[in-house]
Amino acid sequence: MFGLHYRLERKAIGLTLGIILVASIGGLVEIAPLFTIHQTVEDAPDMRVYTPLELAGRNIYIREGCYACHSQMIRTLRDEVERYGPYSLAVESKYDHPMLWGSKRTGPDLARIGGKYSDEWHVAHLNNPRDVLPVSVMPAYSWLLRTTLRTDDLNAHLKAQRAVGVPYTDDMIANANKDAYGQAAPDSPYADGVTQRYGKATNVRVFDGKPGELTEMDALVAYLQVLGHLTDAAHKTVADVAR
Amino acid sequence: MIGQLTKAERQYALLILLGLALCGLIFGIAGKDDPLGIHGALIGVAALAGIFKVISVYYDPEPGDERLTRYYDDPTKFGIVLAMIWAVFGLFIGDWVAWLLVKPDFTFNAGWASFGRLRPVHTTSVLFGFGGNALIATSYYVLQRTSRARLPDQLSPWFVLLGYNLFCVLAVTGYMMGITQSKEYAEPEWYADIWLLVVWVVYFAIYLRTLARRKEPHIYVANWYYMAFILVIAILHIVNNLAVPVSFGSAKSYSLFSGVQDAMTEWWYGHNAVAFFLTAGFLGMMYYFVPVRAGRPIYSYRMSIISFWGITFFYMWAGSHHLHYTALPQWVQTLGMTFSLMLLIPSWASAANALLTLNGAWDKVRDDATLRFMMVAAVFYGITTFEGSFLAIRSVNSLSHYTDWTVGHVHAGALGWVAMITFGSIYTIVPWLWKRDRMYSPRLVEVHFWFALAGAVVYVFAMWNSGIIQGLMWRTYNESGTLAYSFVDSLIAMHPYYIARAIGGLLFLIGGIVGAYNIWMTIKTESKILPQSAVDAPEPALGGEAVLQPGE
């Protein structure tokens, strides 16, 4: 064996090919089957895609690096389920390009934060976390409330999402920026289109407390309020799913 | 420094820079309503600065053929200086964000200064800015000496070094503007990723072209590691960064994979960025600089073979231990845990090989802070790899995951292993490169050593404590069978450890500043210049290449 190596290490190309071959095996065995084995991702027929406003909010979450301190992955451990809710299923992040499972909980997990607090709480908390929780170490995001949300390119975002496999329809893409506006303006003529395209359960309301203005705060709160509510698959028992 | 370029190389350089300026212009126009436009302008300005620099030396006399009788070390020199600049910057940002967790309002009420955006600035600056520049610089040096061949040309090493730094600057400025893919340690967006790929291909080509002209029949073990580092990082980089941009004028892209597949790909990448950037590359450094500094041959050639192929094979399976108890199928988790445990064998073989190489030179370890840096690095490497295998066990991971224990583990590796082996190597190489008989102040090397060691130990102990306390508080039940502590309770318990961690980081930063000053003074102080030796062998007293070649 060492004799063989004695010869191999005299060949730069041999060494190169050897490294590529040996290093490729692990990834091929562990990653490729995740695309082919059907049970990897559960079926959830009720799973819906993010609305344009929620997607914009998700992009703000990414932009600000929220994932550095908040996970979105509840593990299959008793204390986590009791603290945060039912453990996360693979299907729940099926449309997450990229996933935001996170790796660190400087703050709590957010996989099921949606609906747990009021919009007013989120706005106050994001504006200055220490107003609602004096010991918090989270940065204040006060500019979100002052910054108008950019919506003119949302149809391009939805198109790119469709290109990577999220089932946005032509209708959704064409109406992306109207839907973004309508979701935060329940009295506007655009509000009905949102529930038509994304389902009756979609949150349509003024998220940031400032009617008539579409701010980045609207988008981020709309996103946080939908976390854990894209499907109720995680709340069903094993028996339900089997039936 | 680029005066060594021949006429033809100066012309090629201008051509490349013009192409780059054009790219900058296109991005600047296409992305004028987007942060991408600012990056286009930045690329354009960088290219223009390069054009002016090349034009300023364009009509200088061409270098003579006598340059070919010496190794080409100008890019290495520049790379070492860049590495130290990134080190001080990256450590400063790291300590700054550590204080943000103590005093969260130090953000000037601005997005760019908040924890979430600055955290990747820290990680990219230290890992890729400091670590990457040190790897590129030392790899040029080691490759030439162990092959007894000059770099193939004088332009491509500069292209790789400066192109790589452009990538790092795009990355860091991007995060502050909110441009990020959110994939940890792979945050830069699509255009920066494509640029890095181009740079990386040229980098490996330099390796192959130099090796093709080598006068040593065997490729020295340090080069195996450097080659594995370049090759595997390329594979990981390509697969993990597959994405579709929103438009040509937008910095934003959406990753090709989603959910569980994306998570597995990301941690396959993430863990092997640790393996092939922070381990393989720096083991390459270790296999050259420990023996030359100690004046001892590598302890065991066979151990180095076993550890090399063990690391190359096992590491690529280990990434899934980042996803224990998650929605990732359990069979993948189990494979990850199993291979993480097996990894201990090649890891400890490497650490032992380094430490046993010091046998017969322990008196030097006592007297020479530079060698002591490398010895401590090998010890930290051994400790960290043991801890890594331990944390990969599913039941241990259930406690440690999501807590500061992981942060402590990473810093044991990054501060204790990566930074220490780099500082040891830099202190070895700087007097040789600038033809000095020693560092400006050996005393300051000693000072740096103790600051670095104290800082690393304080940091790691603080995070071990906070991590384990956090993990235990989250899972503690009271007598009535309900959770005993709220999340906020655990946050309050972290406060003293966050202060201790920030102090540890500060000590390490002070050491880094002392080191940068010492290196700068060594370069500036010209009183002790050694005569240029005819063969440009680094240290003839070490017995030339015979010491470095693995035994039969």
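Residues numbered from 1 in each chain as written. Chains lettered and ligands numbered in written order. Predicted model: local features only at pLDDT ≥ 70, side-chain atom pairs only at ≥ 80, totals over all residues. Heavy atoms only, no water.

Colleague: Which residues make up the overall build of chain B, and what values do they have?
Modeller: Along chain B, the regular secondary structure elements total 17 helices and 2 strands. Relative to a compact globule of 552 residues, whose C-alpha radius of gyration would be 24 Å, chain B shows 24 Å and is just as compact. Summarising its shape, the C-alpha atoms of chain B cover approximately 85 × 65 × 45 Å along the three principal directions. Among the 552 residues that make up chain B, the fraction classed as buried is 64%. Put simply, chain B shows about 19200 Å² of open surface, and 70% of that area lies on carbon and sulfur atoms. Distance from the positive charge centre (34 side chains) to the negative charge centre (33 side chains) of chain B: 5 Å. (Helix = DSSP H or I, 4+ residues; strand = E, 2+ residues; numbered from the N terminus. Rg over C-alpha atoms; globule rule 2.2 N^0.38 Å. Buried < 20%, exposed > 50% of the residue type's maximum accessible area, 1.4 Å probe, protein only. Areas by Shrake-Rupley, 256 points an atom, 1.4 Å probe, with all protein chains shown as cover. Lys, Arg positive; Asp, Glu negative; His and termini not counted. Charge placed at Lys NZ, Arg CZ, Asp CG, Glu CD.)

Colleague: Account for the interface of chain B and chain A, with residues named and values stated.
Modeller: Interface extent is often summarised as the accessible area lost during association of the parts. Tallying the contact residues gives 98 residues for chain B and 84 residues for chain A. When chain B packs against chain A, close to 8000 Å² is buried across both sides, 66% of that on carbon and sulfur atoms. Across the contact surface, chain B and chain A share 4 salt bridges. Note that Glu-64 of chain A is salt-bridged to Arg-117 of chain B, the shortest N-O span being 2.6 Å. At the junction of chain B and chain A, the tally comes to 34 residue pairs in polar contact (both at pLDDT 80 or more). Top contributing element to the side of chain B that touches chain A by residue count: helix α8 (residues 259-294) of chain B, with 10 residues. Residue composition of the side of chain B that touches chain A, grouped by class: 56 nonpolar, 26 polar and 16 charged. (Contact = heavy atoms within 4.5 Å. Buried area = accessible area lost by both parts, 1.4 Å probe. Salt bridge = Lys/Arg side-chain N within 4 Å of Asp/Glu carboxyl O. Polar contact = N/O pair within 3.5 Å; in protein donor to acceptor, adjacent residues only side chain to side chain. Nonpolar A, V, L, I, M, F, W, Y, C, P; charged D, E, K, R; others polar.)

Colleague: Please give an account of the packing of helix α2 (residues 12-36) of chain A against helix α10 (residues 330-342) of chain B that cites residues and values.
Modeller: Running from amino to carboxyl end, α2 of chain A crosses α10 of chain B at an angle of 170 degrees, the nearest separation of the two axes being 10 Å. The angle between α2 of chain A and α10 of chain B falls in the class roughly antiparallel. Residues Val-29, Glu-30, Pro-33 and Leu-34 of chain A of α2 of chain A touch α10 of chain B, and the partners they reach there are Trp-331, Val-332, Leu-335 and Gly-336 of chain B. Residues belonging to the contact of α2 of chain A with α10 of chain B are distributed by class as follows: 6 nonpolar, 1 polar and 1 charged. (Axes fitted to C-alpha atoms, helices over the stretch in contact; angles between N-to-C directions. Parallel < 35°, antiparallel > 145°, perpendicular 65-115°, else oblique.)

Colleague: Lay out the environment of Tyr-497 of chain B in plain terms, naming residues and giving numbers.
Modeller: Residue and element names in this part refer to chain B. Along the polypeptide, Tyr-497 turns up in helix α17 (residues 487-524). With 35 residues separating them along the chain, Tyr-497 and Ala-462 place their C-alpha atoms 5.2 Å apart. Discounting residues that sit within four places of it in the chain, Tyr-497 has contacts with Ala-462, Met-463, Asn-465, Ser-466 and Ile-469.

Colleague: Please give an account of unusual backbone geometry that cites residues and values.
Modeller: For the bond from His-97 of chain A to Pro-98 of chain A, the omega torsion is -5 degrees, close enough to zero to count as cis. Backbone geometry places Phe-108 of chain B, a non-glycine residue, at a positive phi of 55 degrees. Inspection of the secondary structure assignment puts Phe-108 of chain B in the loop between α3 (74-100) and α4 (115-147). In the Ramachandran plot, Ser-182 of chain B falls in the positive-phi region, its phi being about 70 degrees despite a non-glycine side chain. With respect to the helices, strands and loops of the structure, Ser-182 of chain B is situated in the loop between α5 (156-177) and α6 (190-212). Judged by its relative accessible area of 6%, Ser-182 of chain B falls in the buried class.

Colleague: I'd like a rundown of empty space enclosed by the protein, residues and numbers included.
Modeller: Taken as a whole and assessed by the stated rule, the structure comprises 9 cavities of 30 Å³ or more. In this structure, the second largest cavity occupies an estimated 210 Å³ of space. Taken together, the residues of the lining of the second largest cavity break down into 9 nonpolar, 6 polar and 3 charged. (1 Å grid on protein atoms, 1.4 Å probe; cavity = no way out; pocket = protein on both sides within 12 Å on 5 of 7 lines; lining within 4 Å. Points joined across faces, edges and corners; volume = space filled by probe spheres on them.)

Limitation: the analysis is restricted to geometry and does not speak to function.
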